[in-house]
Amino acid sequence: MAASAMEGVAVTALRTVIGRVRQAAEKAGRDPGLVRVVGVSKTKPVSLIRQLYDAGHRCFGENYVQEFLDKAPQLPEDIEWHFIGHLQTNKVKSLLASVPHLDMVEGVDSQKLANHLDRAVSAIGRKPLKVLVQVNTSGETSKAGVEPPACVELVKHVKSGCPNLEFCGLMTIGMPDYTSTPQNFKTLSNCRGEVCKALGMAEEQCELSMGMSGDFEQAIEMGSTNVRIGSTIFGPREYPKKQEKP
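Remember, predicted model here, so these are calculated numbers, not experimental data. (Residues numbered from 1 in each chain as written. Predicted model: local features only at pLDDT ≥ 70, side-chain atom pairs only at ≥ 80, totals over all residues. Heavy atoms only, no water.)

### Focus: the packing of aromatic side chains
By convention here, two paired aromatic rings are described through the distance between centres and the angle between planes.
Argument step 1. One pass over the structure, following the stated rule, counts three aromatic pairs.
Argument step 2. Members of the aromatic cluster, each reached through a chain of ring pairs, are Phe60, Phe68, Trp81 and Phe83. (Phe/Tyr/Trp six-rings, centres within 6.5 Å; stacked < 30°, edge-to-face > 60°.)

Right, here's the structure in full:
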């Protein structure tokens, strides 16, 4: 498929997703305007992101630091960039220095990472960085995130010990087969209840980032305020093929 045709398909797909988000929110009796759609653009070219930007979308997410550092400078500064997933502490400085308009990190999964981010934001002198605490709701060892019982303590650390970070809520990455997705979402919602109770916050002040291409409608019905949509908008991922051994 030619690049221009692919880009047209992505714009149409984005509009379809936004329509589905609106329907899911209305079905749940929620305001569709309170659900953010993050276009997850990993492995996709700058030209494709630019096409969606020109169609009016502003919120995009990347998963890989080096790819992020390559793309962000080529795109408009009013994009609301999210870094999604596990961030290594040794890459914090380069990410914040190279993407000055980074809007949010999804998510912080340790006090060590929170401290690194806090110091880096302070050193650069930028506005406080929005963060979501990542919770491992599935119990999979391959997934990053704090265990649900440790969630409150990490949130307390971010709010009380990291003045350059703005705690905005919780995020999780559900099971890949989606069969236990509702339980993952229910667990994150329960974590929000515990956090808000412990810190005296209203639940509306604590976002839930959950739901991806295969389950975002269900996530919205269960309270998600932030859905991360990749392949449904951009098409299948295009990972570099590994060279076969001779």
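### Details of the nonpolar core
Argument step 1. Of all hydrophobic cores here, the largest spans 66 residues; its most connected members are Trp81, Leu102, Leu117, Leu129, Leu165, Phe167 and Leu170.
Argument step 2. Looking at this core element by element, the count peaks at seven residues for helix α1 (residues 3–27).
Argument step 3. Leave out the neighbours within four places in its chain, and Leu117 touches Leu87, Val92, Leu96, Val105, Val108, Leu129, Val131 and Leu165.
Argument step 4. Val38, Cys59, Leu132 and Cys168 belong to the second-largest nonpolar core, a separate cluster that totals eight residues. (Core = buried A, V, L, I, M, F, W, Y, C linked by side-chain atoms within 4.5 Å. Buried < 20%, exposed > 50% of the residue type's maximum accessible area, 1.4 Å probe, protein only. Helix = DSSP H or I, 4+ residues; strand = E, 2+ residues; numbered from the N terminus. Contact = heavy atoms within 4.5 Å.)

### What to know about the side chain of Lys44
Argument step 1. Residue placement: Lys44 occurs in the loop between β1 (36–40) and α2 (46–54).
Argument step 2. Those residues in contact with Lys44, other than ones at most four positions away along the chain, are Ile49, Glu67, Lys71, Phe234, Gly235, Pro236, Arg237 and Glu238.

### Concerning the confidence of the model for the protein chain
Fine structural detail should not be taken from predicted coordinates in areas where pLDDT scores are low.
Argument step 1. Averaged over all residues, the pLDDT of the protein chain equals 92, while 92% of them reach at least 70.
Argument step 2. Every residue in residues 242–246 scores below 50 in pLDDT, and together they form zero contacts with partners more than four places removed in sequence or on other chains. (pLDDT = per-residue confidence, 0-100.)

### Description of the environment of Gln66
Argument step 1. Following the sequence through the fold, Gln66 ends up in helix α3 (residues 65–71).
Argument step 2. Remark: the alpha-carbon pair of Gln66 and Ser94, spanning 28 residues in sequence, is separated by 9.3 Å.

### A closer look at the pairing of strand β6 (residues 165–171)
Where a strand is regular, its side chains alternate between the two sheet faces.
Argument step 1. Burial within β6 is extensive, with six of its seven residues counted as buried.
Argument step 2. Where strand β5 (residues 129–134) and β6 come together, six bridges link them in parallel fashion. Paired with Val133 across the strands is Leu170, a residue of β6.
Argument step 3. A crossover links β5 with its parallel partner β6, the connecting element being helix α6 (residues 151–161), and its sense is right-handed.
Argument step 4. Both β6 and strand β7 (residues 207–209) contribute to a ladder of three bridges, which runs parallel. Bridge pairing in β7 places Met171 opposite Ser209. (Pairing = 2+ DSSP bridges. Right-handed = clockwise from strand over helix to strand, strands pointing away.)

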